[in-house]
Amino acid sequence: MEKVRFDEDRNVTRRITVDFNVREDAPVVIDRTGGRFWIVPITLMRRRTVVNMRITDEYGQVLPTPGIRLTQQLDESLLLAAVATLRPEVDYEKVLPFIRELVAGEKKESKQALASFGAEEQKMPTYLIPLASDPLVRAVVYLLCKNFSLYVFLPAGKKDETTKRHRLLNLEFNEPTGWNRMTPLVTQVDHMTFYRHDDQPTPRPVQPEDERDDRKESAGEVAGGRPEAAPSNSHSWRWRLLQAKRKVRVSFPAAMGLIPTSIRLQVPGAENASSYHLELTAPPGVEVVRARLLAGRPNEDGRKYTNDRVVGHTATVGLHGVEIPNGSLCLAQVDFRMTSRGWLTNAVFSCAVVAGGLWWLTIIASVHTKNWSTSQVTNIIAVLITTAAAVAATIAHSTFTGVAARMVSRLRLVAALAVAQPIIAAAALAFATEQEGSTPTVQLHLGTMIVLWINVGLATCAALLIGCALILSLWDERKGWNLASPWDMTTDDSGEECEPKNFVDALEDYGFKSTAIGILSAEGWHERYAWTDEKHETAVRVLHSSRTTRADSLFRCDNQHSACTIEHACPYKAGLQKADTA
């Protein structure tokens, strides 16, 4: 179960609760004080800094995690286990340094190792050719090149006592939110699908001619490690022009409250669970218009995918997914809109008062007379300034902060523009020409009248724009529940959705290819999708086979690079050393 809260405008809080059973063959480590701990993998995380991460058990006790070096050694063992399934034998004297550089090397070393793995076959090192030709090894390499496994030390109790294996773990962390709008790029090359975000102008979209498929058994998977090509100047300018068009078409209407603000989240943890539940909570002052969870393999045409949605005005929504296969693209999208009550209503009323007052003033000045006494002009100026001050205080006051305040920031600028019009009108009257006579009068010349009409036009446009946002918000609220989740058996929906036949079409039809504010998850995700059920079954079979027939002859205990804390007390070391000697 995963809960996402939009507490602040700069970060999102994610809390993941994992319900699982510790396997009977889970590895046990012993610390220096004799405490026994299971090593339990929770999920994959991106190889970047995680903010405010906290892992606790069902009792609220903080659980320790391995250090970075031990985690790297465990991930190296994962890749080494995948390599052990290959036939014929590989050159481990050269493969082991490659694995170490890819998983535990510095950034430059890791990229060089990945580049050599994805080079053309003529340029690829000979010892890497059998690795790059295997779907399992290739999948693990591209998974670990930007992700790492998150392990925890779970207390296992004493050796002679029974410890509960059915456990609950809570993983909580913050994800920075830059409010950058991203548009997905989904490119298919035969049976392989690439998924990228064009939030930066540097990488250009993957083109089929940039990829190669010279291995028959890869079924269209790209062995090359460079799905991005260097951008040209023309491509950079095209990207900037496209971004400008998207801002006009999507960003500006959303900022003005004319359309909902779409936020797209990656939820890669959905494929790691047999049953997944996502709960999205809107911040104060904002309500959810619609939400949808979409998960599936984009590389498989016609395969059933997970699709859950809720359409209606509510503060919290729940989305569900069951039996999402490995190698899936898992996304959630939520549309937020400002509530009609509170600031939005006050802003419309205030702008309407400003526009109405300026209309009255300008019509009186145009139709009846353009000569006012000095005392009348002074009183009008005082009324305009007082009105502007009162309206400014009303608009500046708000009962919410964070995401809601950010969503109305552009509307506040529009309201501030309306507030400025009475002040400008007062200045125009103050500098109007004064005529001498028995009763001093002020002559409103053409320039003064033009300024007043401009003030009227700007104030009216601001009132209409904010009024449209209020009407659309009220319309969404009055619609109520339009479409309930398919998991909700208590409602009787008259109109059911006609789901697209495949996952890629669903991305298009449900708006997951449109521009939205993207939140890139700190959990690890795939960038290339080529995994199938057949590959999965084959990988499980060969892994079990290599585990039972080749483990003793392949793996050896090395004190220099081993994470084992009991060293010579290890009951398997003697047998492994004997196997190496033989």
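Residues numbered from 1 in each chain as written. Predicted model: local features only at pLDDT ≥ 70, side-chain atom pairs only at ≥ 80, totals over all residues. Heavy atoms only, no water.

Quick word on the confidence of the model for the protein
Where we set the bar: Scored from 0 to 100, pLDDT reflects the predictor's confidence in each residue. Pairs of residues are marked as contacts when any of their non-hydrogen atoms sit within 4.5 Å.
For the protein, mean pLDDT is 80; residues scoring 70 or higher make up 82% of the total. Ignoring residues within four places in sequence, the model shows residues 203-228, a span with pLDDT below 50, making 74 contacts including any to other chains. Of the regions scoring below 50 in pLDDT, residues 548-566 engages in 31 contacts with residues more than four places distant in sequence or in other chains.

Considering the sheet that holds strand β4 (residues 36-46)
To keep things clear, this is the line we draw: A pair of strands counts as paired when DSSP detects no fewer than two bridges linking them. Secondary structure is summarised from DSSP: a helix means a run of H or I of at least four residues, a strand means a run of E of at least two, and numbering begins at the N terminus for each. A fitted line through C-alpha atoms serves as each axis, taken over the contacting stretch for helices, and the angle formed by two N-to-C directions is quoted from 0 to 180°.
Taken together, the three strands give an open sheet; going across it, the order is β3-β4-β6, and neighbouring strands pair in antiparallel fashion. Single-partner strands in this sheet number two, and they are β3 (28-30) and β6 (147-155). Strand-to-strand twist in this sheet, taken as the mean axis angle between neighbours without regard to direction, amounts to 45°. Two elements, β3 and β4, share three bridges in a ladder whose sense is antiparallel. Of the residues in β4, the one forming a bridge with V29 is F37. Sitting on the sheet, helix α1 (residues 68-83) touches β4 and β6, and the angle it makes with β6 is about 110°.

Some words on the nonpolar core
This is how it is decided: In plain words, nonpolar cores are sets of buried Ala, Val, Leu, Ile, Met, Phe, Trp, Tyr and Cys residues tied together by side-chain atoms within 4.5 Å. In this scheme, a residue with accessible area under 20% of its type's maximum is buried, one over 50% is exposed, and one in between is partly exposed, where area comes from a 1.4 Å probe on protein chains only.
Formed by 71 residues in total, the largest nonpolar core has its most connected members in F6, I263, L280, V334, F336 and I466. Per element, the largest residue contribution to this core is 10 residues, and it comes from helix α7 (residues 343-367). Other than its neighbours up to four places away in sequence, V334 contacts F6, T261, S262, I263, L265, L280, V288, R290 and A291. One finds L80, V90, I99 and M124 within the second-largest nonpolar core, a separate group that totals 29 residues.

Some points on the pairing of β4
Within a regular strand, the side chains alternate between the two sheet faces. Extensive coverage of β4 is indicated by the burial of nine of its 11 residues. The turn joining β3 and β4, which pair antiparallel and follow one another in sequence, is formed by five residues; a positive phi near 90° is taken by G34. As paired elements, β4 and β6 share nine bridges and run antiparallel to each other. Bridge pairing in β6 links P41 to Y151.

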